[in-house]
Amino acid sequence: MSEGPVARVLVDSPLPQLDQLFDYRVPAAMAAEAVVGARVRVPLRTGGRIAQGWIVELVETSEYEGRLSEVEQVVGAVGLLRPAVYELARRAADRAAGTASDVVRLAIPSRYVRAEKAWLAGHPEPGPLPAPAADGGPAVTGYAPGAVEAALAAGERMTLAAIPAPVALPDGRWVGAWALTLAQAAAATLANDRTALIIVPDARDQAQVEAALETLVDPSRVLRTDARQSGADRYRSFLAATEPHARILVGNRSTVYAPAERLGLIAIWDDGDALHREPLAPGIHARDAALLRQELTGSALLFLGHTRTVEVQRLVEVGWVRAIPRERATKPHVILTAHQGDADDPREHARIPSGAWKAASDALREGPVLVQVAQPGYAPLVVCGDCREAAHCLRCGGTLALPTAGRAPQCRLCGAGAGGWKCQNCGGAKLVPAGAGSARTAEELGRAFPNVRIVRSDGERTIEHVDASPRLVVATRGAEPVAAGGYRAVLLLDGERMLLRESLRVAEDCLRWWSNAAALAAPGAPVALVGVGGALGTTLATWRHDRWVAAELAARRELRFPPAVRAVSLEALPETLTEVLERLQAGDAGAVIDVLGPSPVDEGRLRAIVRVDYGHGALLARAVRAELVRLATERRKPVAGRPPQRARKLRVRFDDPEVP
């Protein structure tokens, strides 16, 4: 037994065999600096390397019988990795068969020495807390009086259907009603001297929430945490979040890991948005991390959206999340153009049918009109001028598109030009555009409405707000600006094209995109959904999203599709994947799993989908993690005359969004 002080360190490494706590002796000269959560540099026994790490615990003795290595250096004077955040990272990593250090790397921003020194030298006290709702403070409006506040105080898990309308703030700015709801819930939490985390998909949504918060709480109580900040500013916000004062933190998916003290609320807006899923390993969704953190802290948890995801619906049906209805069942005025007009009239099959065209023309006399399109650019697809087959890149096989008028077509994947292209179907060399993106739609509408201002908002140029003057706003899904007073008409184009995407979530995503755009309309303004009928169109028209999502979840249960089950995708070379699957089926998890595939992906690799009932998800995660460690640490017999063989690779992704 080695006498202390002993630091138990999480080494910052993606290697699964190093995802554990290692004991290091703390030299007497570093005893004052070596605090829990401090960043340290420690030696690794292999090759005399020095690695970064985090002190997770400080103990007096170690169970290791040999001689402990010493901590090389303590980096910084602040304990950045709080115990609660480490516990969350550990649980999130275990759930996804990943490493805790990968999660910690997302949670803690890069260090800026000057910002840290300035913070240590002193920081001002934040302003006063808002008054409780009972004393005239902020209350959550639009729902049964006191219902949301009572759930917040009790630390409940709840889901709310957002009010589908824009609202005016006291300072004259307009935001979605959902932003005001989130701000009111966070202010009510802050009034009880508790911290609130508000997690939104992107900067546009964040700006609306911040605008609503400015009218309710002292600005010094609000912290931003997002990628738009400079590195130093983000580090300052992180340091401020470690203070014992109650705050409201607003940011993107990594905000769920913020080092908040006395956490009272975690709120997520539009959890179906793909931006809530972390693309880096282990690929944890903000919703899953929020559920884990709520369980650890006992804080309230709020899901808010115009549509409810199937994941949240499953939680509602098992009783883990409570649905709180709106006080009034308001809904946009949605018109399904697929059910109108004469089927033999060619005008009814145009991209903008005559009824929707007339609604837009009439609305332009009063104010702005929104036109939602599927994709940015000029023409999202280029086809052969002779046989009309889609044109593909000669380099990578991706589809060719026309980014702007007058430019040569280029690949949507690799960006290569189309020089020397010839159709593999007929041998033709003529390329013509097909379909219309945001730029081409804006150009066509500009010719149709020569005296109307045309505004385009997409990935290239994002506009957050427009005033109440007449104009046509052409926007891609998710980039729609908020209009003062709401749009006087909304046209939802390219619905059939959006539904052609191969994905399990395509219907759910389309309903969410359309609902978010429809919620920007002024009360009573027409919202025309072009070319889509059936159950999905009826759901939008009746605004009964809860019924549709319940039916969708029931269908997925019958087919054993996520989220009715947990699924993990495994990718590797054929020999490796076959071996891993055989070991999984022969192990403890073998009795509860079923395997789909394998099927080829690329570069000679295969992919298999392993499914398991939700209650056995932890068992499957442990089994998959054991295979990762085994492959990373196996010793392969050297072959004379050949270079040393590298460890075999296995790509693991739980709840993989790339799997159709």
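**Concerning the overall build of the chain**
Stage number 1. Within the chain, the secondary structure is distributed over 17 helices and 30 strands.
Stage number 2. Here the chain has a C-alpha radius of gyration of 27 Å; the compact-globule value for 660 residues is 26 Å, and the two agree.
Stage number 3. Dimensions along the principal axes, computed over C-alpha positions, put the chain at roughly 85 × 75 × 50 Å.
Stage number 4. Split into buried and exposed, the 660 residues of the chain put 52% on the buried side.

**As for the sheet that holds strand S21 (residues 454-457)**
Stage number 1. Sheet architecture is open: 6 strands sit in the order S15-S26-S25-S16-S23-S21, paired in parallel fashion. Each having just a single partner strand, strand S15 (333-336) and S21 make up the two edges of the open sheet. Strand-to-strand twist of the sheet, defined as the mean angle between neighbouring strand axes without regard to direction, takes the value 20°.
Stage number 2. The pairing of S21 with strand S23 (residues 472-476) spans 4 bridges and is classified as parallel. Bridging from a neighbouring strand, Ser 457 pairs with Ala 475 of S23.
Stage number 3. On the sheet, helix H10 (residues 354-363) packs against strand S16 (369-373), strand S25 (489-492) and strand S26 (526-529) and is oriented at approximately 150° with respect to S25.

**Here's the deal with the nonpolar core**
Stage number 1. Counting residues in hydrophobic clusters, the biggest one holds 48 residues, and the most contacted among them are Leu 80, Leu 81, Ile 108 and Tyr 257.
Stage number 2. If one sorts the elements of this core by residue count, helix H1 (residues 83-95) sits on top with 6 residues.
Stage number 3. Ignoring sequence-local partners within four residues, the contact set of Tyr 257 consists of Val 85, Leu 88, Val 103, Ala 107, Ile 284, Ala 289 and Arg 293.
Stage number 4. If you look at the next biggest cluster of nonpolar residues, it comprises 39 residues, including Ala 151, Val 175, Trp 178 and Ala 183.

**Examining helix H5 (residues 177-191)**
Three- or four-residue spacings in an α-helix give side chains the same orientation, since the helix completes a turn every 3.6 residues.
Stage number 1. With 15 residues, H5 should reach 21 Å at 1.5 Å per residue; the first-to-last C-alpha distance of 21 Å fits that figure.
Stage number 2. The element H5 is largely enclosed, with a buried count of 15 among its 15 residues.
Stage number 3. Once H5 ends, the next one or two residues include Asp 193, with phi positive near 60°.

**Observations concerning the sheet that holds strand S30 (residues 651-654)**
Stage number 1. If you trace the 4 strands from one edge of the open sheet to the other, you get S28-S29-S27-S30, paired in antiparallel fashion. A single partner strand is all that each edge strand has here, and the edge strands are strand S28 (593-600) and S30. Neighbour-to-neighbour, the strand axes of the sheet open up by a mean angle of 20°, direction not taken into account.
Stage number 2. In this structure, strand S27 (residues 565-572) lies alongside S30, joined through 4 bridges in antiparallel fashion. Counted as the bridge partner of Leu 570 is Val 652 from S30.

**Some remarks on unusual backbone geometry**
Stage number 1. Following Pro 562, the chain continues to Pro 563 via a peptide bond in cis, the omega torsion being 5°.
Stage number 2. Within the secondary structure, Pro 563 sits in the loop between helix H15 (545-559) and S27.
Stage number 3. Residue Gly 597 is joined to Pro 598 through a cis peptide bond whose omega torsion reads 5°.
Stage number 4. When you line up the elements, Pro 598 lands in strand S28.
Stage number 5. The backbone of Ala 97 sits at a positive phi, close to 60°, despite the residue not being glycine.
Stage number 6. By the secondary structure assignment, Ala 97 is in the loop between H1 and helix H2 (100-107).
Stage number 7. In this structure, Arg 560 takes a positive phi of about 55° despite not being glycine.
Stage number 8. Relative to the assigned elements, Arg 560 resides in the loop between H15 and S27.
Stage number 9. Under the relative-accessibility criterion, Arg 560 is labelled partly exposed at 26%.

**Things to note about the packing of helix H3 (residues 113-121) against helix H7 (residues 231-241)**
Stage number 1. H7 packs onto H3 with a crossing angle of 35° between their chain directions and a minimal axis gap of 9 Å. Viewed along their axes, H3 and H7 form a crossing whose handedness is right-handed. Along its contact with H3, which presents Ala 115, Glu 116 and Trp 119, the element H7 presents Ala 232, Tyr 235, Arg 236, Leu 239 and Ala 240.

**Details of helix H8 (residues 286-297)**
Stage number 1. For H8, spanning 12 residues, the distance from its first C-alpha to its last is 16 Å, which sits close to the expected 16 Å at 1.5 Å a residue.
Stage number 2. In terms of residue burial, H8 counts as a mostly covered element, since 9 of its 12 residues are buried.
Stage number 3. All of the buried residues in H8 are Ala 286, Arg 287, Asp 288, Ala 289, Ala 290, Leu 291, Leu 292, Arg 293 and Gln 294.
Stage number 4. The positive-phi residue at the C-terminal boundary of H8 is Gly 298, with phi of around 75°.

**Topic: the environment of Glu 311**
Stage number 1. Tracing the chain through its elements places Glu 311 in helix H9 (residues 310-317).
Stage number 2. Given the relative accessible area of 15%, Glu 311 is considered buried.
Stage number 3. Taking C-alpha positions, Glu 311 is 23 Å from Ala 329, a pair spaced 18 residues apart along the chain.
Stage number 4. The residues touching Glu 311, leaving out its near neighbours within four places in the chain, are Arg 287, Arg 505, Glu 508 and Pro 563.

**A word on the pairing of strand S12 (residues 263-269)**
Stage number 1. A large share of S12 lies buried, amounting to 7 of its 7 residues.
Stage number 2. The pairing of strand S9 (residues 195-199) with S12 spans 5 bridges and is parallel. The residue of S12 that forms the bridge with Ile 199 is Ile 268.
Stage number 3. Sheet topology places S12 next to strand S13 (residues 300-305); 5 bridges connect them, and they run parallel. The residue of S13 that forms the bridge with Trp 269 is Leu 304.
Stage number 4. Crossover handedness for the path S12 to H8 to S13: right-handed.

**Description of the pattern of salt bridges**
Stage number 1. Scanning the model with the defined rule gives 54 salt bridges in all.
Stage number 2. Here Arg 224 makes a salt bridge to Asp 226, at a shortest N to O gap of 3.0 Å.
Stage number 3. Here Asp 226 falls in the buried class, since its relative accessible area comes to 2%.
Stage number 4. It is possible to trace a salt-bridge network through shared partners that takes in Asp 271, Arg 287, Glu 311, Arg 505, Glu 508, Glu 552 and Arg 556.

**Things to note about the confidence of the model for the chain**
Stage number 1. Looking at the chain, the pLDDT average stands at 89 and 95% of residues meet or exceed 70.
Stage number 2. Between the elements of the chain, mean pLDDT differs from a low of 77, seen in strand S20 (residues 431-434), to a high of 98, seen in S13.
Stage number 3. A low-confidence stretch, residues 339-349 stays under pLDDT 50, and its non-local contacts, those more than four residues away or across chains, total 11 contacts.

Conventions used here
Residues numbered from 1 in each chain as written. Predicted model: local features only at pLDDT ≥ 70, side-chain atom pairs only at ≥ 80, totals over all residues. Heavy atoms only, no water. Helix = DSSP H or I, 4+ residues; strand = E, 2+ residues; numbered from the N terminus. Rg over C-alpha atoms; globule rule 2.2 N^0.38 Å. Buried < 20%, exposed > 50% of the residue type's maximum accessible area, 1.4 Å probe, protein only. Pairing = 2+ DSSP bridges. Axes fitted to C-alpha atoms, helices over the stretch in contact; angles between N-to-C directions. Contact = heavy atoms within 4.5 Å. Core = buried A, V, L, I, M, F, W, Y, C linked by side-chain atoms within 4.5 Å. Expected span 1.5 Å × (residues − 1). Left-handed = near helix turned anticlockwise from the far one by under 90°. Right-handed = clockwise from strand over helix to strand, strands pointing away. Salt bridge = Lys/Arg side-chain N within 4 Å of Asp/Glu carboxyl O. pLDDT = per-residue confidence, 0-100.

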